[in-house]
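# Close look at the chain arrangement
This is what each chain is made of:
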Amino acid sequence: LEPAELTLDGFCNHFMAILQRYSFEENVGNRQDLWHKLTLEMAGYEFGEQLVQTGTSGSITVLNPGNIVTPAVAEVLPAMGAAAVTVTGLGRNPDTGEEEPIIIRNLTTGHKVILDGETGLITQDGMPKTADVDFWEVPSLLPGNNTITCDNTQMSITIKIKPRFM
């Protein structure tokens, strides 16, 4: 009843799935021909191994080898404090599809802000930081090359993705 990560023989990628329905059938013929059939119906998606890329000059280009939009985990580590920074390339307006910036306020030197597109959590030092972040949607990357920029070059940006496939 909980989402589960599956690894199937013959597939190089993994699957995240949740059980929707199941059926069980038993053949009670003679003792030698006794068999059971379990049918599982699951909903989920296919994903690849996690990719990690770090940029230190305020810009980073990340290749998403998946073929659908993939949630991203963005870690922003300030080398010096900042009142606000604007990060582009990680979010889009869900109504128009146009790129929308993510604004992070009240950054402190050496304290990493994590924008987790997988879980939806926005944290700094393990504590919620959503009040200091403005965005339309959690970070995600389109298939292909994605350029992520920060208007402050004193920020290190690390992007983590598990590419998704249709």
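Right, let's walk through the structure included here. These numbers were taken from a predicted model, which means no experiment stands behind them.

Analysis parameters
Residues numbered from 1 in each chain as written. Predicted model: local features only at pLDDT ≥ 70, side-chain atom pairs only at ≥ 80, totals over all residues. Heavy atoms only, no water. Pairing = 2+ DSSP bridges. Helix = DSSP H or I, 4+ residues; strand = E, 2+ residues; numbered from the N terminus. Salt bridge = Lys/Arg side-chain N within 4 Å of Asp/Glu carboxyl O. Buried < 20%, exposed > 50% of the residue type's maximum accessible area, 1.4 Å probe, protein only. Core = buried A, V, L, I, M, F, W, Y, C linked by side-chain atoms within 4.5 Å. Contact = heavy atoms within 4.5 Å. Polar contact = N/O pair within 3.5 Å; in protein donor to acceptor, adjacent residues only side chain to side chain. Patch = residues over 30% accessible without salt bridge, like charges linked within 9 Å, V, L, I, M, F, W, Y side chains within 5 Å. Areas by Shrake-Rupley, 256 points an atom, 1.4 Å probe, with all protein chains shown as cover.

## Side note on the sheet that holds strand S14 (residues 144-150)
Taken in spatial order, the five strands line up as S5-S14-S7-S8-S12 in an open sheet, and their pairing is antiparallel. In this open sheet, the two edge strands, each paired with only one partner strand, are strand S5 (59-64) and strand S12 (133-134). Pairing of strand S7 (residues 82-88) with strand S8 (residues 102-107), which is carried by five bridges, proceeds in the antiparallel orientation. Bridge pairing in S8 places Val-87 opposite Ile-102.

## As for the pattern of salt bridges
Where charged atoms from two side chains of opposite charge come close, those side chains can pair. Per the counting criterion, the structure on display carries seven salt bridges. Here Glu-75 ties to Lys-112 by a salt bridge, and the two come within 3.4 Å at their closest N and O atoms. In this pair, Glu-75 is assigned in strand S6 (residues 70-78) and Lys-112 in the loop between S8 and strand S9 (113-116), connecting sequence segments 37 residues apart. Owing to a relative accessible area of 33%, Lys-112 belongs among the partly exposed residues under this scheme. Two residues, Arg-92 and Glu-137, come together in a salt bridge whose shortest N-O distance is 4.0 Å.

## A look at the sheet that holds strand S2 (residues 14-27)
Read across the open sheet, the four strands follow the order S1-S2-S3-S16; overall the sheet is antiparallel. A single partner strand is all that each edge strand has here, and the edge strands are strand S1 (4-6) and strand S16 (164-165). One ladder, built from 13 bridges, connects S2 with strand S3 (residues 35-47); its direction is antiparallel. Within the sheet, the bridge partner assigned to Asn-27 lies in S3 and is Trp-35.

## Concerning the nonpolar core
Counting residues in each nonpolar core, the largest one holds 23 residues, and the members touching the most others are Leu-90, Ile-104, Leu-107, Leu-115, Leu-141, Ile-148 and Ile-159. At the level of secondary structure, the elements contributing two or more residues to this core comprise S5, S6, S7, S8, S9, S14 and strand S15 (155-161). Per-element tally for this core: the top contributor is S15, with four residues. Sequence-distant contacts of Ile-104, that is, excluding residues within four places in its chain, are made with Val-76, Ala-83, Ala-84, Val-85, Val-87, Val-113, Leu-115, Lys-129, Asp-132 and Val-133.

## Some details on the side chain of Asp-132
Along the polypeptide, Asp-132 turns up in the loop between strand S11 (127-128) and S12. Reaching out from Asp-132, the side chain makes a polar contact with the side chain of Asn-106 at a distance of 3.1 Å. What Asp-132 contacts, discounting residues up to four positions off in sequence, is Ile-103, Ile-104, Arg-105 and Asn-106.

## Some points on a nonpolar patch on the surface
Together, Tyr-22, Phe-24, Leu-38, Leu-40 and Met-42 make up an exposed nonpolar region whose accessible area comes to about 570 Å². In terms of residue count, the dominant contributor to the nonpolar patch is S3 (three residues). Mapped onto the elements, Tyr-22 comes out in strand S2. Classification of Tyr-22 by relative accessible area gives exposed; the value is 61%.

Distances and angles like these do not, on their own, reveal function.
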